[in-house]
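# Architecture and fold: a report
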Amino acid sequence: MIAPFDPEAAYILEDDRVLLRPLQSTDLKNLLPFAINEPDTWKYSQTSPKGNDGMRIYIDAALRARDEGKEYPFIVYDKTTKAYAGCTRFYDIQVAYETLQLGYTWYGEKFRGTGLNKHCKYLLLQFAFENLDMKRVEFRADARNDLSIAAMKSIGCTVEGILRSHMPLREGGRRDSIILSILQPEWQNGAKEALKAKL
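Residue numbers here run from 1 along each chain, matching the order of that chain's written sequence. Since the coordinates come from a predicted model, pLDDT governs what is reported: local features require at least 70, and pairs of side-chain atoms require 80 or more to be given and counted, while whole-chain, interface and lining totals use all residues. Side-chain measures were taken over the full set of non-hydrogen atoms in the model, leaving aside hydrogen atoms and water.

## Digging into the pattern of salt bridges
Side-chain pairs of opposite charge can arise whenever the charged atoms involved come near each other. A pairing counts as a salt bridge when a side-chain nitrogen of Lys or Arg comes within 4 Å of a carboxyl oxygen of Asp or Glu. Under the criterion given, the structure shown has 14 salt bridges. Close ionic contact of Glu38 with Arg112 constitutes a salt bridge, the shortest N to O distance being 4.0 Å. In this pair, Glu38 sits in the loop between α1 (28-37) and α2 (51-67) while Arg112 sits in the loop between β5 (99-107) and α3 (116-131), placing the two residues 74 residues apart along the sequence. Relative accessible area decides the class of each residue, using a 1.4 Å probe on protein chains only: under 20% of the type maximum gives buried, over 50% gives exposed, and in between gives partly exposed. Using a relative accessible area of 40% as the deciding quantity, one classes Arg112 as partly exposed. What you see here is one network of salt bridges that share partners, running through Arg136, Glu138, Arg140 and Glu160. Secondary structure elements follow DSSP: runs of H or I no shorter than four residues count as helices, runs of E no shorter than two count as strands, and numbering proceeds from the N terminus.

## Notes on the packing of α1 against α2
For helices, the fitted line uses only the C-alpha atoms of the stretch in contact; every axis is such a line through C-alpha atoms, and the angle between N-to-C directions lies from 0 to 180 degrees. Contact geometry of α1 with α2 gives a least axis separation of 9 Å together with a crossing angle of 130°. With respect to α2, the element α1 is oriented oblique. Remark: the crossing between α1 and α2 carries right-handed chirality. Taking contact as the criterion, the partners of Leu28, Leu31, Leu32, Ala35 and Ile36 in α1 are, on α2, Gly51, Asn52, Met55, Arg56 and Ile59. Under the scheme applied here, ten amino acids are nonpolar (Ala, Val, Leu, Ile, Met, Phe, Trp, Tyr, Cys and Pro), four are charged (Asp, Glu, Lys and Arg), and all others, including Gly, are polar. Residues that form the contact of α1 with α2 fall into these classes: 7 nonpolar, 2 polar and 1 charged. Angles below 35 degrees are treated as roughly parallel, those above 145 as roughly antiparallel, those between 65 and 115 as roughly perpendicular, and all remaining angles as oblique. Crossing handedness: left-handed means the near helix sits turned counterclockwise from the far one by under a right angle, and right-handed means the same turn made clockwise. Contact between two residues is taken to exist if any of their heavy atoms lie within 4.5 Å; hydrogens are not considered.

## Section: the environment of Glu38
Its relative accessible area of 17% is what places Glu38 among the buried residues. The spatial distance from the C-alpha of Glu38 to the C-alpha of Leu180 is 27 Å, given a sequence separation of 142 residues. Glu38 has contacts with Pro33, Gly108, Glu109 and Arg112, leaving out every residue within four places of it along the chain. Polar side-chain contacts of Glu38 include one of 2.8 Å to the backbone nitrogen of Glu109. Throughout this description, a polar contact denotes any pair of N or O atoms lying within 3.5 Å of each other; where both atoms belong to protein, one of them has to be capable of donating a hydrogen while the other can accept it, and for residues adjacent in sequence the pair is counted only when both atoms sit in side chains.

## Describing the sheet that holds β5
Two strands in a sheet stick together by hydrogen bonds in their backbones, pointing the same way (parallel) or opposite ways (antiparallel). Strand pairing is assigned whenever DSSP identifies at least 2 bridges connecting the two strands. Across the sheet, 8 strands lie side by side as β1-β2-β3-β4-β5-β6-β8-β7; this open sheet has mixed pairing. Every interior strand has two partners, whereas the edge strands, β1 (13-14) and β7 (158-168), have only one. Sheet topology note: the strand β4 (residues 83-94)/β5 ladder contains 6 bridges and is antiparallel. Bridge assignment links Arg89 to a residue of β5, and that residue is Gly103. Together, β2 (18-22), β3 (72-78), β4 and β5 form the strand contacts of α1, whose direction differs from that of β4 by roughly 100°.

Dropping the structure here:
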């Protein structure tokens, strides 16, 4: 069922493997162990929720962006292990242009390479294209982040190019960003079924 994006709606996306629900301030307790024990998770991220204060600031910023209608953050729950696995979100939501970006995705170490990400991306892309009627979903990453780029290609993304010297790095210098996307007709004409077959 197609309906306009509503930042106040409580979107729940799930299948037999994963549940994505809106991120809440009370999720600090669910995500703090990653921030304390696995700080390298955000090696290539522009914003790093390392440590107690870092994760609190990260969650607060995500929730403010949702209140402003710019982003929609989810917490990821792995049904197989019965544990919270990480976060992801829709951002740069451009309702007038019928586009959004999918990113800020991270998982704890034990959840990487388990197939969890493909389930999440399937649910998110299905929702974006089939419920929100978006025409384009864009992905961006640090051009040095080979694992992230490979994951995006594996779900059907097309590489569009590189934004050179796109943004500053926390450690100094600047990074190039790679741009990828999936279009609604591509989702409808093969990308959806190809990704579904990998679940």
